[in-house]
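Fold and contact review
Letter by letter, the chains look like this.
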Amino acid sequence: MTNRIVVALANQKGGVGKSTTAINLAAALAFQDRRVLLLDLDPQGNASSGLGIERNAIEVSVYDVLLKEAGLNDAVEPTSVRNLFVVPATIDLAGAEIELVSMFSRETRLRTAIDDLDDEYDVVLIDCPPSLGLLTVNALAAAKEVMIPIQCEYYALEGLSQLLRNVDLVTSNLNPELKVGGVVLTMYDARTKLSKDVAEQVREYFGELAYKTVVPRSVRLSEAPSYGEPIEAFDPMSRGAIAYRHLGKEFLERHELD
């Protein structure tokens, strides 16, 4: 059995910088010479398009894997970043929640697929949809840990207790190894009291689980996906790139891979 790290990025609130974090953490780790597979489990497919995958050119997607019409290895696409690979999502995935309901072992299909994955990847990151449905449950059942991006804005902690409850349920019923591995503060604006207050609240609540690195609100970060590039390739000197580089190093230290 491989000792690769499998991490689900989850938060049922949309717009918290989840796909941005998935793309840019994956790229930061790839630039650190780790082989990384990013699994796009969000029907919106932002992690796929943000890494330059053309939607109409996708032949095998994560949808086919969940319906057991293809293996995970068959769905892997290379990206423009060395060491970084992606399993893309298509809009078909939106129907998967309903199709899976009546299927056998519906909660653990992704875990089975990851177990059959080639051993060549050091880290597998799963970008979850902004909901707590069957797709997210599949991700949580397959992962060793959950990373929660939290935006430094009003209502940042709202709904978080529901996510943590779901993590507990999955741990009790499907995946005893699952734990919350870290919390990342995103969209931080050092000029506002609100950002500082939210950061303080999160650190108070999560303690050591909160990453020291804070991702700033940044125009360059929001521009990069439209060029199909992670921030490290798009603008390596930007504040966003520097933040994700630090986050990647911190991630490797936490997992003793530095």
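Quick look at the structure, then.

What counts and how
Residues numbered from 1 in each chain as written. Predicted model: local features only at pLDDT ≥ 70, side-chain atom pairs only at ≥ 80, totals over all residues. Heavy atoms only, no water. Helix = DSSP H or I, 4+ residues; strand = E, 2+ residues; numbered from the N terminus. Buried < 20%, exposed > 50% of the residue type's maximum accessible area, 1.4 Å probe, protein only. Polar contact = N/O pair within 3.5 Å; in protein donor to acceptor, adjacent residues only side chain to side chain. Contact = heavy atoms within 4.5 Å. Core = buried A, V, L, I, M, F, W, Y, C linked by side-chain atoms within 4.5 Å. Axes fitted to C-alpha atoms, helices over the stretch in contact; angles between N-to-C directions. Parallel < 35°, antiparallel > 145°, perpendicular 65-115°, else oblique. Left-handed = near helix turned anticlockwise from the far one by under 90°.

1. Topic: the side chain of His255
Locating His255 in the fold gives a position in the segment after helix H12 (239–254). Judged by its relative accessible area of 19%, His255 is buried. For His255, the side chain forms a polar contact with the side chain of Glu145, separated by 2.9 Å. Beyond its immediate chain neighbours, meaning those up to four positions away, His255 contacts Ile5, Glu145 and Tyr211.

2. Quick notes on the nonpolar core
Core analysis: the largest hydrophobic core is formed by 51 residues, its most contacted members being Leu39, Ile114, Ile126 and Ile148. One finds Leu25, Ala26, Ala27 and Ala241 within the second-largest nonpolar core, a separate group that totals 34 residues.

3. A word on the packing of helix H1 (residues 18–31) against H12
Put simply, H1 and H12 touch, their axes get as near as 8 Å, and they point 70 degrees apart. Taken together, H1 and H12 sit at an angle that is classed as roughly perpendicular. In the packing of H1 onto H12, the handedness of the crossing is right-handed. Each of Thr20, Thr21, Asn24, Leu25, Ala28 and Leu29 in H1 lies in contact with H12, whose residues at this interface are Tyr244, Arg245, Leu247, Gly248, Phe251 and Leu252.

4. A word on unusual backbone geometry
At Lys68, a residue that is not glycine, the phi angle is positive and equals roughly 60 degrees. One can find Lys68 in the loop between helix H3 (62–66) and helix H4 (72–75). Given a relative accessible area of 48%, Lys68 falls into the partly exposed group. Non-glycine residue Tyr155 carries a positive phi angle of around 60 degrees. With respect to the element layout, Tyr155 can be found in the loop between strand E6 (145–151) and helix H8 (160–173). Classification of Tyr155 as exposed rests on a relative accessible area of 59%.

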